[in-house]
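# Breakdown of the fold
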Amino acid sequence: QVQLVESGGGLVQTGGSLRLSCAASGRTFSNYAMGWFRQAPGKERELVAAISWSGNTYYVDSVKGRFTISRDNAWNTVYLQMNSLKPEDTAVYYCAADPTRRTYPYIPLVREEYDYWGQGTQVTVSS
């Protein structure tokens, strides 16, 4: 079973930056679509950003222009660079993986499509 470990969360002031990392096990990481989700208190988990095995990306409207998702297949790592952070970005951020083998650059947009999840890392943005 795939293991995902997030890191890089913390406390930052409004306008600051953080870089989240997700390290994944397995030698077939390059075939996985990867996503970053977040869940704030009292709200449902939402997809923030995702990337296909070939590098196609998706961002939720609220983070476009501020967040960047990228991957380093050589080190089985996915990153989420978060700039211009706002208090509404405060949440637990989860890394997720969809290992489904596909021959085209598919980006999973539904939570149920992701089979593996990390434990989450807290991001808190203060005013």
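Our subject is the structure that appears above.
In this text the structure is predicted, and so the values were computed from the model without any measurement.

## As for the side chain of aspartate 98
Note that aspartate 98 resides in strand 9 (residues 91-98). Take aspartate 98: its relative accessible area is 1%, and that puts it in the buried class. Of note is the side chain of aspartate 98, whose polar atom sits 3.1 Å from the side chain of arginine 102. With residues up to four places along the chain from it excluded, the contact list for aspartate 98 reads Tyr32, Ala33, Pro108, Glu113, Tyr114 and Asp115.

## Here's the deal with the pattern of salt bridges
Summed over the entire model, instances satisfying the criterion amount to five salt bridges. Across the pair aspartate 61 and lysine 64 runs a salt bridge whose closest N-O atoms are separated by 3.0 Å. A single burial state applies to aspartate 61 and to lysine 64, both of which are exposed. Residue aspartate 98 pairs with arginine 102 through a salt bridge whose shortest N-O separation is 3.1 Å. When salt bridges that share partners are traced, they join Arg38, Glu46, Arg66 and Asp89 into one network.

## Focus on the sheet that holds strand 3 (residues 18-24)
Overall, antiparallel pairing links the four strands, which are arranged 1-3-8-7 in an open sheet. Sheet topology places strand 1 (4-7) and strand 7 (67-72) at the edges, where each strand pairs with a single neighbour. Strand-to-strand twist of the sheet, defined as the mean angle between neighbouring strand axes without regard to direction, takes the value 15°. Two strands pair when backbone bridges link them, and strand 7 and strand 8 (residues 77-82) are joined in this way by six bridges, in the antiparallel orientation. Along strand 8, the bridge assignment pairs threonine 68 with glutamine 81.

## Brief notes about the pairing of strand 1
Regular strands show a simple pattern: their side chains alternate between the two faces of the sheet. Of the two faces of strand 1, the one lined by Leu4 and Glu6 is fully buried and the one lined by Val5 and Ser7 carries no buried residue. Relative to strand 3, strand 1 is paired through four bridges, and the arrangement is antiparallel. Of the residues in strand 3, the one forming a bridge with serine 7 is serine 21.

## Here's the deal with the environment of glycine 9
By secondary structure assignment, the location of glycine 9 is in the loop between strand 1 and strand 2 (10-13). The spatial distance from the C-alpha of glycine 9 to the C-alpha of arginine 45 is 17 Å, given a sequence separation of 36 residues. Once residues lying within four places of it in the same chain are set aside, the contact partners of glycine 9 are Leu20, Thr121, Gln122 and Val123.

Parameters and conventions
- Residues numbered from 1 in each chain as written.
- Predicted model: local features only at pLDDT ≥ 70, side-chain atom pairs only at ≥ 80, totals over all residues.
- Heavy atoms only, no water.
- Helix = DSSP H or I, 4+ residues; strand = E, 2+ residues; numbered from the N terminus.
- Buried < 20%, exposed > 50% of the residue type's maximum accessible area, 1.4 Å probe, protein only.
- Polar contact = N/O pair within 3.5 Å; in protein donor to acceptor, adjacent residues only side chain to side chain.
- Contact = heavy atoms within 4.5 Å.
- Salt bridge = Lys/Arg side-chain N within 4 Å of Asp/Glu carboxyl O.
- Pairing = 2+ DSSP bridges.
- Axes fitted to C-alpha atoms, helices over the stretch in contact; angles between N-to-C directions.

Coordinates in, geometry out; function isn't part of it.
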